[in-house]
Amino acid sequence: MPAAVPPELDVALRGALEETGAVGATVRQLASRIDHRREWVERALASLSLRGDVLRIGRGLYVLRAFEHLSDRVDFVDPAAYVERFSRENGISLGEYAGPITFRANEALPIHRWWPYVQGYSAEFVRGIVSTAGLPHGAAILDPFAGSGTTLVEARRAGARALGTELLAPAVLAARVKTRFELNASALRDTARQVLARARRRAVGPLPFLRETRRQFDPVALEDLTRLRDALPAAGTPVGDALRLAFGRILIPSSRLHRSPCLGYDRRRRGPEGSPFERFLAATEAMAEDLGQLELERPRWGPASRVVEGDARDVRWPAGSVALAITSPPYVNGMDYVMNYKVDLAWLGYARSYADLAALRRAEVACDNLPRSETAAYLGVSGSGDPWLDEILSRIRENVARKRSYRRDDVHAVVRRYFADLAAALVRVRDALAPDGRFVLVVGDSLLAGAYVPGDLLTARLGATVGLEIVSVEVARARRSGQRRSFVLRESVVTLRRPRSGGAHAKR
Ligand SMILES: C[S@@+](CC[C@H](N)C(=O)[O-])C[C@H]1O[C@@H](n2cnc3c(N)ncnc32)[C@H](O)[C@@H]1O
């Protein structure tokens, strides 16, 4: 029979869980907090769970039963309260957006399938927005966080001039190649075969700098990938770039990794089927096929696209030149894109060291992995420019202080910096938009350190702060919180508009 849990441990654990409140704590955190061995803490938690006094809420976090429903807590402001407050303060009720929004639908679509990008949105969504806008041929459509180029592909197909800014070079490569509709399919096929023939004859090449490369790949696939990489033509030509994209596209499927959506080891998969060479050939064949289909739409194509590799906070587009902007920015405390695409960055030679990755991370819109040095200027919880945000920041700071062992104690500063980053990018779009031009954003909300952050509503309000008008906020889908599986989050379509006159340049 297992030894009984000493009553003093029971009391200490309840006390610790009372303090960590809605944020919850892991076994390791609790053990260090009450200075007890982990096995004992685990045993005590199991018995408290059996009695129904303690619950596991996801990601190994435990809370007291009293913290089961966040909405019951007096210190918790729930989504409904923000929706009500938003409609009261702005005179706008949340609508509904019907139609597919996630990238998944793109995975089988010509061109979009060239580089699956989990964080992207659906081509159909972009098509709907573009067709509703009814723009003349050649009008400019901008995506300031272009990702893999979903907006840009659909913009050009619809006759627009597609413009984009994107920080990560592999995504820039994808967006550029996918919007170079003139790419010659037979030249692509022929060169792909030559590359494969060269790769088969080549000696094994050096590994990229990532320390875990050998763990990420099976040894034979690893050797083939170095040979394939070293046989690729130089970057900078349409076919050379397209083949590099095909190579980038097969990296994760040829590895022991997956993105779901974060990069991690795929424990269910025993090893990828097929060799990198076969995958590369299949990828280039699919590209050539899609180009054939695209050719039929040639009379409708818009002018050549332009994708700038850079920081959306800084890149300026000519004032008033953009008719419509569509994007999905990173979400509050969401993905670290640099971490998620480090394999692509390293293998394609865009990052050559950890210092290169760190430099990119400083430029990306703030996420949970932002270096501490970058949050120093954002530690205050008032004066953010939005009283809603000020309230949320202090709630996050209090919750984290209460928990003591949270992953980082400057989470509120990361959130504050996130909105400062977003504001800077919104200003660039505002200035680029023509009067009456719309800016459509797909944005999610978050649950963070036990506090609810209405990312969509805060983004709409931020738009208003920089002089754009809020047109609508439409809920597109429900999502689950990673922190608390039972908590339902949403993803919304926020539409802003540059006023016809005044306003736009008044602020920031
Ligand atoms: C949600 S994704 C956009 C996905 C895109 N809509 C699609 O369908 O492929 C957000 C993008 O913002 C990029 N990003 C993050 N920080 C950035 C910055 N400071 N400047 C420009 N792009 C940035 C990320 O690399 C990522 O590709």
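A short tour of the structure in this document, coming up. (Residues numbered from 1 in each chain as written. Predicted model: local features only at pLDDT ≥ 70, side-chain atom pairs only at ≥ 80, totals over all residues. Heavy atoms only, no water.)

Here the second largest pocket is characterised by a volume of approximately 420 Å³. P116, R249, I252, P253 and R259 are, among the 16 residues lining the second largest pocket, the residues nearest its centre. Where the lining of the second largest pocket is concerned, the elements lending two or more residues are α11 (238-251) and β6 (257-259). At three residues, the largest contribution of residues to the lining of the second largest pocket is made by β6. (1 Å grid on protein atoms, 1.4 Å probe; cavity = no way out; pocket = protein on both sides within 12 Å on 5 of 7 lines; lining within 4 Å. Points joined across faces, edges and corners; volume = space filled by probe spheres on them. Helix = DSSP H or I, 4+ residues; strand = E, 2+ residues; numbered from the N terminus.)

For strand β3 (residues 95-96) and strand β13 (residues 469-480), the ladder comprises two bridges, and the chain directions are parallel. Each bridged residue has a counterpart across the sheet, and for G95 the counterpart in β13 is E474. Sheet topology places β13 next to strand β14 (residues 488-497); ten bridges connect them, and they run antiparallel. In the sheet register, E469 faces β14, and the bridge partner there is R497. (Pairing = 2+ DSSP bridges.)

Taken together, 24 residues lie around the ligand, and Y117, S148, T150, E166 and A312 are the ones closest in. One nitrogen or oxygen atom from the main chain of Y121 is found 3.2 Å from an oxygen atom belonging to the ligand. E166 places a side-chain nitrogen or oxygen 2.6 Å from an oxygen atom of the ligand. If the ligand stood free it would expose 610 Å²; the protein chains cover 99% of that surface. For the ligand, the cavity whose grid points lie within 2 Å of the majority of its atoms is the largest cavity. Here the shell around the ligand is composed, by residue class, of 13 nonpolar, eight polar and three charged. (Near = heavy atom within 4 Å. Polar contact = N/O pair within 3.5 Å; in protein donor to acceptor, adjacent residues only side chain to side chain. Areas by Shrake-Rupley, 256 points an atom, 1.4 Å probe, with all protein chains shown as cover. Sits in = over half its atoms within 2 Å of the grid points. Nonpolar A, V, L, I, M, F, W, Y, C, P; charged D, E, K, R; others polar.)

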